[in-house]
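Structural description and commentary
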Amino acid sequence: MLLCLILYDAICCWLVMSVSPSQRVAVPCTDDLMTGPSLVAVPVSIFKFHRQLGRFAEVQATELTRTITCYQLLRRLDAGRNSKSKMLTTRQITNHDEGQTNMLLDHEMTLSRERPSQDETQNASRRTFLKAAATVSAACFPNLVDHRRVRAESSQDELAYIDASEAIRRFKAGELSPVDLLKTQIARIKKYNPQINCITHRHFEQALKAAELSEKRYREGIPRPLEGIPVAIKDENEVEGWQVTMGSLLLKDAEPSEEDAPIIDFLKKSGAVLHIQTTVPEFYLGPHTATRLWGVTQNPWNPEFTPGGSSGGSGAALAAGFATLATGSDMGGSIRIPSAQCGLYGFKPPFQRVATSETSYESLGPMARNLTDMLLMQNVISGPHPHAHSSLRPKLDYPLEYAPPSGMRVVVDHARGIGPSDSEVDQSMQVTISRLKALGCEVVVKDLQFKYQGDFPIWAKGLLSTSLGMMIQAAAERPDDITPYVREFVNKFQGELGPRQIGEAEQLQSQYQRRIQDEVFTAGFDAIVMPTMLTPFVPADWYTTQEKHFVYLNGKKQKNTWAFMATWIWNMLGRYPVMNMPVQVGKENMPLGIQIIGNTFDDLTCMRLAAGLEKLTPPLFAGNLKPALDDIKVR
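Right, let's walk through the structure included here. What you are looking at is a predicted structure, and each value in this text was computed from that prediction instead of being measured.

Next up on the list: the overall build of the protein. Within the protein, the regular secondary structure consists of 22 helices and 17 strands. Burial analysis of the protein (635 residues in total) assigns 56% to the buried set. Counted over contacts in the protein with a minimum sequence separation of 6, partners at least 24 positions apart contribute 76%. Split by element, the accessible area of the protein, about 26800 Å² in all, is 52% carbon and sulfur.

Under the defined criterion, the tally for this structure stands at 22 salt bridges. Each member of the salt-bridge network shares a partner with another, and the members are Asp-157, Arg-188 and Lys-626.

With that settled, the discussion passes to the sheet that holds strand E13 (residues 527–531). Reading across the sheet, the 11 strands line up as E3-E5-E4-E8-E10-E9-E16-E17-E13-E11-E12 and stay open at both edges, with mixed pairing between neighbours. In this open sheet, the two edge strands, each paired with only one partner strand, are strand E3 (199–202) and strand E12 (442–445). Each strand axis lies, on average, 25° off the axis of its neighbour in the sheet, ignoring direction. Sheet topology note: the strand E8 (residues 325–330)/strand E10 (residues 363–368) ladder contains five bridges and is antiparallel. Across the sheet, residue Ser-329 finds its bridge partner in E10, namely Leu-364. Against the sheet, helix H15 (residues 371–381) makes contact with strand E4 (230–234), E8, strand E9 (345–348), E10 and strand E16 (578–585), and its axis sits at roughly 145° relative to E10, the strand it touches most.

A separate point is unusual backbone geometry. With omega at 5°, the peptide bond leading from Gly-309 into Ser-310 counts as cis. For Ser-310, the location among the structural elements is in the loop between strand E7 (295–296) and helix H13 (312–319). Here the amide bond leading from Arg-393 into Pro-394 is cis, since omega sits at -10°, within 30 degrees of zero. Counting through the fold element by element, Pro-394 comes out in the loop between H15 and strand E11 (409–412). The backbone of Asn-560 shows a phi angle near 50°, a positive value even though the residue is not glycine.

The residue Ser-421 is located in the loop between E11 and helix H16 (423–438) in this model. Separated by 3.0 Å, the side chains of Ser-421 and Arg-416 make a polar contact. For Ser-421, the side chain forms a polar contact with the side chain of Asp-426, separated by 2.6 Å.

Right, let's talk about the packing of H15 against helix H22 (residues 603–615) for a bit. If you want to describe how two helices pack, look at the angle between their axes and the distance between the axes. It is at 10 Å that the axes of H15 and H22 come closest, and there the two elements cross at 155°. The orientation of H15 relative to H22 falls into the category roughly antiparallel. Together, Leu-371, Met-374 and Leu-375 of H15 and Met-607, Ala-610, Ala-611 and Glu-614 of H22 make up the contact between the two elements. The residue makeup of the contact of H15 with H22, split by class, is six nonpolar, no polar and one charged.

Another aspect to go through is the state of the cysteines. Taken as a whole and assessed by the stated rule, the structure comprises zero disulfides. Cysteine Cys-198 is unpaired, with the sulfur of Cys-342 as its nearest cysteine sulfur at 9.2 Å. The exposure class assigned to Cys-198 is buried, which follows from its relative accessible area of 0%. Owing to a relative accessible area of 0%, Cys-342 belongs among the buried residues under this scheme.

Grouped together as the largest cluster of nonpolar side chains are 60 residues, with contacts concentrated most on Leu-267, Met-579, Ile-596 and Leu-609. Ranked by residue count, the leading element in this core is H15, at seven residues. In contact with Ile-596, other than residues within four places in its own chain, are Ile-528, Val-529, Pro-577, Val-578, Met-579, Met-581, Cys-606, Leu-609, Ala-610 and Leu-613. Within the second largest apolar cluster, 59 residues are counted, among which are Leu-250, Met-530, Val-538 and Ala-563.

Counted residue by residue, strand E17 (residues 591–598) has eight buried out of eight residues, so it is predominantly covered. Residues Pro-591, Gly-593, Gln-595 and Ile-597 point to one face of E17 and Leu-592, Ile-594, Ile-596 and Gly-598 to the other, with burial holding for every one of them. As paired strands, E13 and E17 are joined by five bridges and run antiparallel to one another. Along E17, the bridge assignment pairs Ile-528 with Ile-597. When E16 meets E17, the two strands line up antiparallel, connected through seven bridges. Note on E17: the bridge partner recorded for Val-585 is Pro-591. Linking two consecutive strands that pair antiparallel, namely E16 and E17, is a turn of five residues; a positive phi of about 60° is found at Glu-588 within it.

Let us look at the side chain of Ser-314. Summarising the element assignment, Ser-314 is placed in helix H13. Here Ser-314 is in contact with Lys-234, Thr-278, Ala-326, Thr-327 and Met-367, once residues within four sequence places are set aside.

Here E9 shows no split at all, with Tyr-345 and Phe-347 on one side and Gly-346 and Lys-348 on the other all buried. Strand direction decides the pairing type here: E9 and E10, joined by two bridges, are antiparallel. Its bridge partner being in E10, Tyr-345 is matched across the sheet by Ala-368. Both E9 and E16 contribute to a ladder of three bridges, which runs antiparallel. By the bridge assignment, Lys-348 is partnered in E16 with Val-578.

The terminal C-alpha atoms of H22 lie 19 Å apart, and with 13 residues this matches the ideal 18 Å at 1.5 Å per residue to within 8%. Taken as a whole, H22 has its buried residues at Asp-603, Thr-605, Cys-606, Met-607, Leu-609, Ala-610, Ala-611, Gly-612 and Leu-613.

This structure, assessed with the given rule, holds 20 aromatic pairs. Their ring planes at 80° and their centres at 5.7 Å tell us that Trp-542 and Phe-564 sit as a pair that is edge-to-face. Highlighted residues: Trp-542 in the loop between E13 and strand E14 (550–553) and Phe-564 in the loop between strand E15 (556–559) and helix H21 (569–572), separated in sequence by 22 residues. On the accessibility criterion, Trp-542 (0% relative accessible area) is buried. The class of Phe-564 is buried, set by a relative accessible area of 1%. One aromatic cluster is present, formed by Tyr-452, Phe-456, Trp-459, Phe-489, Phe-493, Trp-542, Tyr-543, Trp-562, Phe-564 and Trp-568 through successive ring pairs. Against the face of Phe-525 rests Arg-409, its NZ or CZ located 4.1 Å from the ring centre. A cation over a ring is seen here: Lys-557 above Phe-550, with NZ or CZ 4.4 Å from the ring centre.

Parameters and conventions
Residues numbered from 1 in each chain as written. Predicted model: local features only at pLDDT ≥ 70, side-chain atom pairs only at ≥ 80, totals over all residues. Heavy atoms only, no water. Helix = DSSP H or I, 4+ residues; strand = E, 2+ residues; numbered from the N terminus. Buried < 20%, exposed > 50% of the residue type's maximum accessible area, 1.4 Å probe, protein only. Contact = heavy atoms within 4.5 Å. Areas by Shrake-Rupley, 256 points an atom, 1.4 Å probe, with all protein chains shown as cover. Salt bridge = Lys/Arg side-chain N within 4 Å of Asp/Glu carboxyl O. Pairing = 2+ DSSP bridges. Axes fitted to C-alpha atoms, helices over the stretch in contact; angles between N-to-C directions. Polar contact = N/O pair within 3.5 Å; in protein donor to acceptor, adjacent residues only side chain to side chain. Parallel < 35°, antiparallel > 145°, perpendicular 65-115°, else oblique. Nonpolar A, V, L, I, M, F, W, Y, C, P; charged D, E, K, R; others polar. Disulfide = S-S within 2.5 Å. Core = buried A, V, L, I, M, F, W, Y, C linked by side-chain atoms within 4.5 Å. Expected span 1.5 Å × (residues − 1). Phe/Tyr/Trp six-rings, centres within 6.5 Å; stacked < 30°, edge-to-face > 60°. Lys NZ or Arg CZ within 6 Å of the ring centre and 35° of its normal.

Shown next, in the form of structure tokens:
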């Protein structure tokens with residue numbers, strides 16, 4: 001095999017040399033490919049051969065004379081390798097995907113012709129030429145010379161981001177092993193997690209044993225629903241023998257959990273492979289993920305900004321290709337915020353759909369890179385569990401396919417009362433409205449009068465007057481060991497939490513509920529669409545000090561506010577199903593997301609609308625639309 005590959009590369013280079021100068025054409029490179037009037041040279045037929053090789057297609061002999069040449073570039077790469085101003089850098093070239101390469105090859109422009117002299121051609125030794133050809137081909141066109149190394153990297157990258165549904169199909173067909181998938185993601189974690197910092201504890205040995213068992217079950221034809229799929233676990237869900245720290249120095253020496261939480265029980269019984277625990281803000285009290293215990297978690301799309309919170313480590317792990325699925329929990333937006341920040345699908349089921357605590361503000365739910373994967377996981381984790389009082393009967397089954405949403409009536413609320421929004425968010429909402437109309441939905445823009453001023457504190461005090469307030473009491477005992485955002489909760493709300501605050505929150509809940517029903521669902525509308533975040537530009541180390549308490553809104557700092565998330569309403573109104581789905585990647589390479597809200601316990605309407613929108617949404621984590629992890633530095 002190695003000899004064949006060497007001979008193949010040699011033939012490619014011979015083809016370049018053998019084509020006469022009169023049969024070569026020179027195409028000016030675009031500005032982002034290189035500086036200066038230089039040309040790219042490789043036979044067109046070689047491009048086609050490499051591309052068609054994967055599809056088992058033949059190369060027509062007549063195509064061997066069609067070439068595109070850059071003899072000057074080959075010489076420059078060999079002779080002037082250290083001149084950055086005149087050279088094409090590997091990073092510049094590899095940023096261009098196959099589609100851009102094809103566009104360069106097929107673009108209908110007037111081609112300038114440039115013919116190297118015979119002396120220049122003869123003076124280049126064969127060794128020098130081969131070295132230069134290998135260099136430019138590996139850098140410019142990964143499918144050419146040195147394709148073994150580049151393709152291996154590409155296949156590993158693709159495998160790390162493989163869909164759960166596709167992985168399961170390949171497992172069943174014997175085309176892929178759960179062990180190989182896990183090892184790919186483990187290698188990626190070892191390489192990139194120092195930069196991303198989204199993992200608290202690794203459980204690779206335990207996970208590899210589980211993956212080996214999954215491999216055996218596939219061979220025996222008895223796989224379970226998520227057999228062999230790596231799932232990242234939020235540092236909240238209790239796994240027997242694992243430590244839960246809640247992101248706090250106060251719990252850095254916490255005892256290992258004695259039994260599995262219901263969601264973990266369901267995942268294990270489904271055959272999922274649990275390999276990592278993911279970072280959270282301290283006590284889950286933040287729309288970001290940065291703590292004194294674990295440090296700052298960076299967003300794989302842009303490390304300057306947060307991956308969100310509180311399930312931020314789960315979001316970052318999915319965006320970085322460290323896991324195929326991930327768990328999240330949502331008390332104020334903790335699934336939807338990181339899903340929006342990381343370009344994911346994340347579902348906050350209605351309270352009790354997934355067995356959780358007795359606090360009606362909270363839901364546990366799935367996070368994934370596409371809707372089908374999210375549904376696969378939701379089907380596993382939902383339903384009653386004998387150890388959880390808060391679980392609905394009967395179990396709801398989620399179809400993986402839905403009828404088109406044509407004819408659905410949708411209310412769009414821009415959440416103006418919660419706070420001002422960045423122009424990027426406004427633009428993404430207009431894109432969403434256009435897609436809804438293209439799907440045949442009736443769209444009505446309404447202000448449902450949600451407001452931050454006055455109402456947000458009522459929600460927060462109501463939340464912290466439940467059993468979740470126990471964390472505030474613990475933090476108050478050691479104020480020097482907690483982060484500033486937790487200290488704010490302690491200082492603001494200590495002594496103001498109790499039955500009266502619960503009553504005020506219930507009164508606000510009742511007002512919102514009546515308004516939503518009167519203006520939306522009993523008025524004949526099927527769903528509500530809102531932005532998830534009013535700005536995605538939240539610093540990665542947000543509020544780790546008082547000086548860091550700001551976000552960016554239209555390029556300017558907006559200080560001392562929490563009014564940039566439009567999520568908490570739906571935790572106070574916990575019986576409504578709400579999911580985040582991505583819209584696009586905007587400026588600063590940050591994803592933008594929307595919330596889809598169905599009527600109480602009407603989960604499937606959310607899914608139907610999301611399924612329609614997904615068909616019109618360019619897929620993230622495909623082609624070049626992935627986070628560039630090599631560019632991220634360790635903090």
